[in-house]
Structure formats: structure tokens, C-alpha cells
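Tertiary structure, described
Each chain, letter by letter, is given below.
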Amino acid sequence: MTAMPPRSSDLSPATIAVQAGRPPHEPDQPLNSPLVPASVFVAGGDREYGRYSNPTWEGFEEALGALEGGRCLAYASGLAAVTSVLDLVSHGETVVAPRHAYLGTLHQLGELERRGRLVVRQVDIADTTEVTGALDDAALLWIESPTNPALEVADLPALTEAAHQAGASVVCDNTFATPLRQRPLDLGADVVVHSATKYLSGHADLVLGAVVTRDDQAWRALDERRRSFGAVPGVLEAWLALRGMRTLALRVDRSEASARELVRRLADHPAVGCVRYPGFGGIISIELAGGALAADLLCHATEVWVHATSLGGVESTLERRRRWTAEPATIPEELVRLSVGCEDIDDLWRDLDLALAQISS
Ligand SMILES: *Cc1c(COP(=O)(O)O)cnc(C)c1O
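Residues numbered from 1 in each chain as written. Predicted model: local features only at pLDDT ≥ 70, side-chain atom pairs only at ≥ 80, totals over all residues. Heavy atoms only, no water.

**Regarding the overall build of the chain**
- A tally of regular secondary structure across the chain gives twelve helices and twelve strands.
- For the chain, the C-alpha atoms occupy an extent of roughly 70 × 50 × 50 Å along the three principal directions.
- In the chain, which comprises 361 residues, the share counted as buried stands at 52%.
- Residue pairs at least 24 apart in sequence account for 66% of intrachain contacts in the chain once pairs closer than 6 positions are excluded.
- When the accessible surface of the chain is totalled, it reaches about 16,000 Å², and 52% of it is carbon and sulfur. (Helix = DSSP H or I, 4+ residues; strand = E, 2+ residues; numbered from the N terminus. Buried < 20%, exposed > 50% of the residue type's maximum accessible area, 1.4 Å probe, protein only. Contact = heavy atoms within 4.5 Å. Areas by Shrake-Rupley, 256 points an atom, 1.4 Å probe, with all protein chains shown as cover.)

**Description of the nonpolar core**
- Counting 29 residues, the largest nonpolar core has Phe60, Leu64, Leu67, Met245 and Leu248 as the members making the most contacts within it.
- When contributions to this core are tallied by element, the ones reaching two or more residues are α1 (13-19), α2 (55-68), β1 (71-75), β7 (209-213), α9 (235-245) and α10 (248-267).
- No other element matches α2, which puts four residues into this core.
- When near neighbours in sequence (up to four residues on either side) are disregarded, Leu67 contacts Pro13, Ile16, Ala17, Pro179, Leu180, Arg183, Met245 and Leu248.
- Core analysis: the next-biggest nonpolar cluster, separate from the first, contains 26 residues, Ala271, Val272, Leu298 and Val336 among them. (Core = buried A, V, L, I, M, F, W, Y, C linked by side-chain atoms within 4.5 Å.)

**Section: unusual backbone geometry**
- Residue Pro146 follows Ser145 across a cis peptide bond; omega there is -10°.
- Following Asn148, the chain continues to Pro149 via a peptide bond in cis, the omega torsion being -5°.
- Here Pro149 lies in the loop between β4 (138-144) and α6 (156-165).
- Although it is not a glycine, Glu48 adopts a positive phi angle of roughly 65°.
- Note on placement: Glu48 falls in the loop between α1 and α2.
- With a phi close to 70°, Ser310 is a non-glycine residue in the positive phi region.
- Mapped onto the elements, Ser310 comes out in the loop between β10 (306-307) and β11 (317-320).
- Given a relative accessible area of 26%, Ser310 falls into the partly exposed group.

**Examining the site of the ligand**
- The local shell around the ligand holds 14 residues, among which Leu79, Asp173, Ser195, Thr197 and Lys198 are the closest.
- The side chain of Asp173 places a nitrogen or oxygen atom 2.7 Å from a nitrogen atom of the ligand.
- In isolation the ligand exposes 380 Å². Once the protein is present, 92% of that is buried.
- Across the shell around the ligand, the residue classes tally to five nonpolar, six polar and three charged. (Near = heavy atom within 4 Å. Polar contact = N/O pair within 3.5 Å; in protein donor to acceptor, adjacent residues only side chain to side chain. Nonpolar A, V, L, I, M, F, W, Y, C, P; charged D, E, K, R; others polar.)

**Some remarks on the environment of Asp190**
- Of note, Asp190 is situated in the loop between α7 (178-181) and β6 (191-195).
- Along the chain, Asp190 and Val304 lie 114 residues apart, while their C-alpha atoms are 40 Å from each other.
- Those residues in contact with Asp190 that sit more than four places away from it in its chain are His164, Ser169, Val170, Leu185, Val212, Thr213 and Arg214.
- There is a polar contact of 2.7 Å between the side chain of Asp190 and the backbone nitrogen of Val170.

**Regarding the domain arrangement of the chain**
- Partitioning the chain into domains gives domain 1 (8-245) and domain 2 (248-360).
- In this structure, domain 1 and domain 2 have C-alpha centres spaced 27 Å apart.
- Across the contact, 27 residues belong to domain 1 and 30 residues belong to domain 2.
- For the domain 1 and domain 2 pair, buried surface summed over both sides reaches about 2,400 Å², with 66% attributable to carbon and sulfur atoms.
- At the junction of domain 1 with domain 2, the criterion picks out two salt bridges.
- Close ionic contact of Glu256 with Arg181 constitutes a salt bridge, the shortest N to O distance being 2.8 Å.
- Inspection of the domain 1/domain 2 interface yields eleven residue pairs in polar contact (both at pLDDT 80 or more).
- Sorting the residues of the side of domain 1 that touches domain 2 by element identifies α4 (103-114), α7 and α9 as the ones contributing at least two each.
- Broken down by element, the side of domain 1 that touches domain 2 gets its largest block of residues, three residues, from α7.
- The class makeup of the residues in the side of domain 1 that touches domain 2 is 17 nonpolar, seven polar and three charged. (Domains from an automatic or database assignment. Buried area = accessible area lost by both parts, 1.4 Å probe. Salt bridge = Lys/Arg side-chain N within 4 Å of Asp/Glu carboxyl O.)

Listed below in C-alpha cells is the structure:
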């Protein structure tokens, strides 16, 4: 008997990342989604204008939508996606949000609260009892998991169930986990937010964001806002991000394998007081035994690891997060966030080990 051909619903995420969002397999069609720089489309169709839609965005949206299991909209940046989703919350309503999260998200929530637009209740997102206890009268539960840069992990199934029981919608920022390690819509979330600037595009060469949802009403409301706010992605960015996503599985597997090995080696290192790792993915946060000064020295002592912000690229980077004054004071001064890239693990370890020895001497 011959095996049945695989149905597209059975495909694994690594295959979806390679195959989704391409033109139909027909003679003379390009294999890749074409780059279509256009502000104007001939009237009479659905497109009309470059702020409403673009075929190049759609290739990226199809691929990420397939990976997350919903319908996707691409944005000019991750923060454009974050602010657009927060705009769905009505005036004066309550948002339960993590105390530790991406700085820009925290800043935006703080601004909206300061202007009386929203009420924000901050919680430790890893403390399920604290979060569920804060959901009374809330319109929205905002989850980021793992959190940036403390790497706390939320119990998504428990939190989404409790939120829905309390009548709140759930958004999950899935930037750190990627759809290869966590599919929030399958775990009950209503909306997924991404900074595609990070792992999805993966080469530190663009800024892009995305939202994915299965809720048609939310999708339409977001599409309408994207048109009217104009927070639309650049065509080249969407095209490059889709190209980057083709290797997402390779890059995530590689950086995770290296991160796991580095966590084992760092755990015994006398210069490192504490290693935070959520158990998956390519981000590690370490706390230096020598304090903030040692952390700053480390960032300047490496050669293979680049001292730079952001994360999720093929290049390994490191940074002391509290160098940003807006980072919450509950993030330790001596915390250095490591984004493990795709370089050789022995080169990464030797460089880090030498730098740690240098700052300890
Ligand atoms: C970087 C980041 C964002 C913001 O995305 P931009 O593309 O920089 O606007 C949002 N959430 C998380 C978790 C991030 O790391």
C-alpha cells in the first residue's frame, strides 16, 4: 500500500514555515512571493491603495497566520501591533498586565493610564493565583511569556480559562517563544502579538510587527484601525521577514540547542550568581556575582557576542537591561540578557568564558 500524501493540516511547523505564503504552483509562477512596491492599484478591485493592502504583506501574513493558527495582520513594528490591540479596549476599562514585560509595552500602558484612557493592574504573570485574583471587572488580560527580560513563564491554559470566565479577553505577546515553541491561540488566547523584528525575521535588518487572531470581529476591527492609523508595514520589510521565516525552525533549533548547553556551563561558573532560563528558546538572563559593574564590564569584554540591544537574530548579542532607565527597578541591576544566535557553540562559550575570567581578575 502506498502512504496517503500528507494533508496540509498535518504538516509540521518547520514545513509550514518553508511552504506557506507562496504563489500557486503553476507554470511560470515565481517560487517566491514577489516584492510589489505599490501605493496605488488600478480601481475596480479590492486593493485600491497601498495603505489598505499589499500582496507582499499577504505572503508574510499567510505564513505567520498558518504557523499561529489564525488570521494575521502585519504592522510597521511590534509596538504598532501592541498599541493597535490596546486600542480595542474601551475608554476607562481595566487591563491586567505583567509587571515585567517588554519596555515599550509597559511604557505604552503607563501612558494610557496616565491619560485616563485605561486602568492598569500590574501582576506577576508567573503567579497564577495573583493573576486570577486580579481579573475582576477586567476587559483584557495582557500576557507576555516568557517575559522580557526576567524570563518568567505564564500558565497560559489556566490564565486564559480564568480570564474568559471573568469576561476578559486575552492577548499574548509570543515574540520570545515563537509559534514553534508556543501556540497561544491553541492554549485559549484570543489574540497573539509579535515583534517580527526578532526571531521571525531573524537577521537584525528590519523592524516589523504582527497580530494573529481567530476572532473575525477582532480581525476586522484591527484591519479597520490599521487602515485609519496608517501603522502599515513597509513592503521590503514584509518581504525580508518572510524570507527570514523560511529558516525559522533551523535558527530556533540551533539557538535553543546552544542556549541549553550554555545554561549548563554557566550554572557552575563562579562569576555568575544566577541563571534564568525558561527551559526552551534562545534567550538566557544571567545575574553577575560582581554586580552591575561586572555586568557592564562583561558587555564590553566579549568579541564574538556583540554588545547590542534587541534579540532573536543569527548574531549573538548581550546587554545589561538596566542600562535603560525605564526598565522596572525590580529587574536586577546586574542582569545581562543573552540572545544566543547561530554561531558555533564552542566559539560562543570560549568567548563568554574568557570575558567572565577577564572581568573577575
Ligand atoms: C521588541 C519587542 C516588542 C516591540 O517590537 P518592535 O518591533 O521593536 O516595535 C514587543 N514585545 C516584545 C516581547 C519585544 O521583545
